[in-house]
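If you want the building blocks of each chain, they are given just below.
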Amino acid sequence: AMLEQSELAEQLGFHTIWAHEHHSLGALYPSPILVLAAAAKVTRTVRLGTNMLLLPLYHPMRVAEDMAMLSLMTEGRAVLGVSVGYVEKEFQALGVSLKSRARRMEQGIPLIRDLWSGRPVTAVGDNFSLEEHVLFPLPQTPPPIYIGGLVPPAVRRAARLGDGFLLSAGTTLAQTQERIRLYQENLDKEPKLPIAINRIVHVVPNKAEKERVLSLVAPTYLNLYDNWGHQDVQRLSDQERLFNETADSHFILGEPAECIDKIQIYREYGIGHI
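Keep in mind that this is a model prediction, so the values were computed, not measured.

> Looking at this structure, I do not really get the overall build of the protein chain. What am I missing?
When helices and strands are counted, the protein chain shows 11 helices and 11 strands. Relative to the compact-globule value of 19 Å for 274 residues, the protein chain shows a C-alpha radius of gyration of 19 Å, a close match. Principal-axis analysis of the C-alpha atoms gives the protein chain an extent of 60 × 40 × 35 Å. Counting contacts in the protein chain only where the partners sit at least 6 residues apart, residues at least 24 apart contribute 69% of the total. Of the roughly 13,600 Å² of accessible surface on the protein chain, 53% is carried by carbon and sulfur atoms. For the protein chain, the centre of its 27 positive side-chain charges and the centre of its 31 negative side-chain charges are spaced 3 Å apart.

See the structure below:
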């Protein structure tokens, strides 16, 4: 089904196919780069990105190697999206301290870029020690890097180390403006990628179908992010957890004109990719 959807997405003119990463609650995908390698076989033009690869759980050299391979397999269509992660039991399962995640991001992203340059790299970090290491094979073109973030230090990191900033599905519409402003204030160069946001998008033919879909999607969404410990969702008040409030803050759900109006709001806020 995933591969059929990938083919259809390309035919319909979608810009990017994204694969996320989780290791709990039965949520695909535990191996996003592997998933995108499969999608590469059935697509020709659509970009293929990780959204988000949990970089602190990886050896950064391995990420550099795998993304270089994906770049070659797709003739340069690969996009790397990374974040620090937040689900404590996922870190425990893989033997990584949650406290080390910000430091591993700070070390890992520059190392990946250095390795993609093709120059010999000497570097030491929490989980790597390289001496005059040369990456092989090199990517067809170094994949652009999206960085996700919720809290101010993470947003500033995205401005400093990334080619673009990506807002999570848990970000409310109100928080979108605040985080974009902080991101833009901390930029010292023009970003290569448009600001992006993850959203559940569902187009329905009428109001009755909207209510039916909302009654299915809203509780599932809230339960999933509560169980993962997503801080934005856990902070929601009882009022904000009402299904219609949830949809207004987190979803693009409705009849075509209604969805277009909501997309236009995101555009006015500075979002360039949903």
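Once the structure has been displayed, the description carries forward.
> Mind showing me how you'd approach the side chain of E90 here?
Summarising the element assignment, E90 is placed in helix α4 (residues 88-93). For the buried E90, which has no salt bridge, the nearest side chain bearing the opposite charge is K89, at an N-O separation of 7.7 Å. Among residues more than four places away in sequence, those in contact with E90 are H22, H23, S24, L54 and W228.

> Mind showing me how you'd approach empty space enclosed by the protein here?
It is a probe the size of a water molecule, rolled over the atoms, that shows where empty space is left. Evaluation of the coordinates by the stated rule reveals one cavity of 30 Å³ or more. Each pocket or cavity is described by its volume, and for the largest cavity that value is around 40 Å³. Surrounding the largest cavity, L55, P56, Y58, P60, R104, G108 and N127 form its lining. Counted by class, the lining of the largest cavity contains four nonpolar, two polar and one charged residues.

> In this structure, what is going on with the pattern of salt bridges? I would like to understand it.
Proximity of charged atoms lets side chains of opposite charge pair with each other. On inspection of all chains with the given rule, the structure shows 12 salt bridges. The salt bridge involving D188 is made with K189; its shortest N-O contact spans 3.9 Å. Judged by its relative accessible area of 39%, K189 is partly exposed. With a closest N to O distance of 2.8 Å, D226 and R241 form a salt bridge.

> Even after reading the chapter, I still don't get the pairing of strand β11 (residues 251-254), so can you show me in this structure?
Put simply, side chains in a regular strand alternate between the two faces of the sheet. What you see with β11 is no split at all: F251 and L253 on one side and I252 and G254 on the other are buried throughout. Sheet analysis places strand β10 (residues 200-203) next to β11, joined by four bridges and oriented parallel. The residue of β11 that forms the bridge with V203 is G254.

> I'm lost on helix α5 (residues 101-116) in this one. Help?
Owing to its 3.6 residues per turn, the α-helix brings residues three or four apart onto one side. With 16 residues, α5 extends 22 Å from end C-alpha to end C-alpha; this agrees with the ideal 22 Å at 1.5 Å per step. Regarding α5, the residues found buried are R104, M105, G108, I109, L111, I112, L115 and W116. The secondary structure elements touched by the buried residues of α5 are α3 (60-73), β4 (78-83), β5 (121-125), β6 (128-133), β7 (145-148) and α6 (152-161).

> Would you mind showing me how to read helix α1 (residues 2-11) here?
Buried within α1 we find S6, A9 and E10. Burial along α1 is one-sided: seen end-on, the buried residues are contained in an arc of 95°. Residues E4, Q5 and Q11 are exposed on α1 and point more than 90 degrees away from its buried face. Once α1 ends, the next one or two residues include G13, with phi positive near 90°.

> Got a minute to help me understand unusual backbone geometry in this structure?
If a residue is not glycine, its phi is most likely negative; likewise, a peptide bond is most likely trans. Residue N51 is joined to M52 through a cis peptide bond whose omega torsion reads 0°. Considering the arrangement of structural elements, one finds M52 in the loop between β2 (47-50) and β3 (53-54). Positive phi values are uncommon outside glycine, yet E75 reaches one of about 55°.

> Explanation requested: the environment of F91 in the structure shown.
Inspection of the secondary structure assignment puts F91 in helix α4. Between the C-alpha atoms of F91 and L54, which are 37 residues apart in sequence, the distance is 9.8 Å. If we skip the residues at most four places from it in the chain, F91 touches P56, L57, V84, G85, Y86, V96, S97, L98 and R101.

Criteria and cut-off values
- By convention here, each chain's residues receive numbers from 1 onward along its written sequence.
- Where local features are concerned, this predicted model is filtered to residues with pLDDT of at least 70; where side-chain atom pairs are given and counted, the filter is 80 or more; whole-chain, interface and lining totals use all residues.
- Hydrogens and water molecules were not included; the side-chain quantities draw on all heavy atoms of the structure.
- What counts as a helix is a DSSP run of H or I of at least four residues, what counts as a strand is a run of E of at least two, and both are numbered from the N terminus.
- Only the C-alpha atoms count toward the radius of gyration. The rule for a globule is 2.2 Å times the residue count to the power 0.38.
- Whether two residues touch is decided by their heavy atoms; if any such pair falls within 4.5 Å, the residues are in contact.
- Here, Shrake-Rupley sampling with a 1.4 Å probe gives the accessible areas, and only protein chains in the shown set may cover a residue.
- By the counting scheme adopted, Arg and Lys are positive, Glu and Asp are negative, and His together with the chain ends is not counted.
- By convention, charge coordinates are those of NZ in Lys, CZ in Arg, CG in Asp, or CD in Glu.
- Residue exposure (1.4 Å probe, protein chains only): buried if accessible area is under 20% of the type maximum, exposed if over 50%, otherwise partly exposed.
- Put simply, a salt bridge is a Lys or Arg side-chain nitrogen that is within 4 Å of an Asp or Glu carboxyl oxygen.
- Points on a 1 Å grid over protein atoms alone make up a cavity when a 1.4 Å probe fits among them but cannot get out, and a pocket when they form an open set with protein on both sides within 12 Å along at least five of seven lines; lining residues each have an atom within 4 Å of a point.
- Grid points are joined across faces, edges and corners, and a volume is the space filled by probe spheres set on the points.
- Under the scheme applied here, ten amino acids are nonpolar (Ala, Val, Leu, Ile, Met, Phe, Trp, Tyr, Cys and Pro), four are charged (Asp, Glu, Lys and Arg), and all others, including Gly, are polar.
- At least two bridges found by DSSP between two strands is the condition for calling them paired.
- One less than the residue count of a helix, multiplied by 1.5 Å, gives the span that helix is expected to have.
- An arc is given here, and it is the one of the directions from the helix axis to the C-beta atoms.

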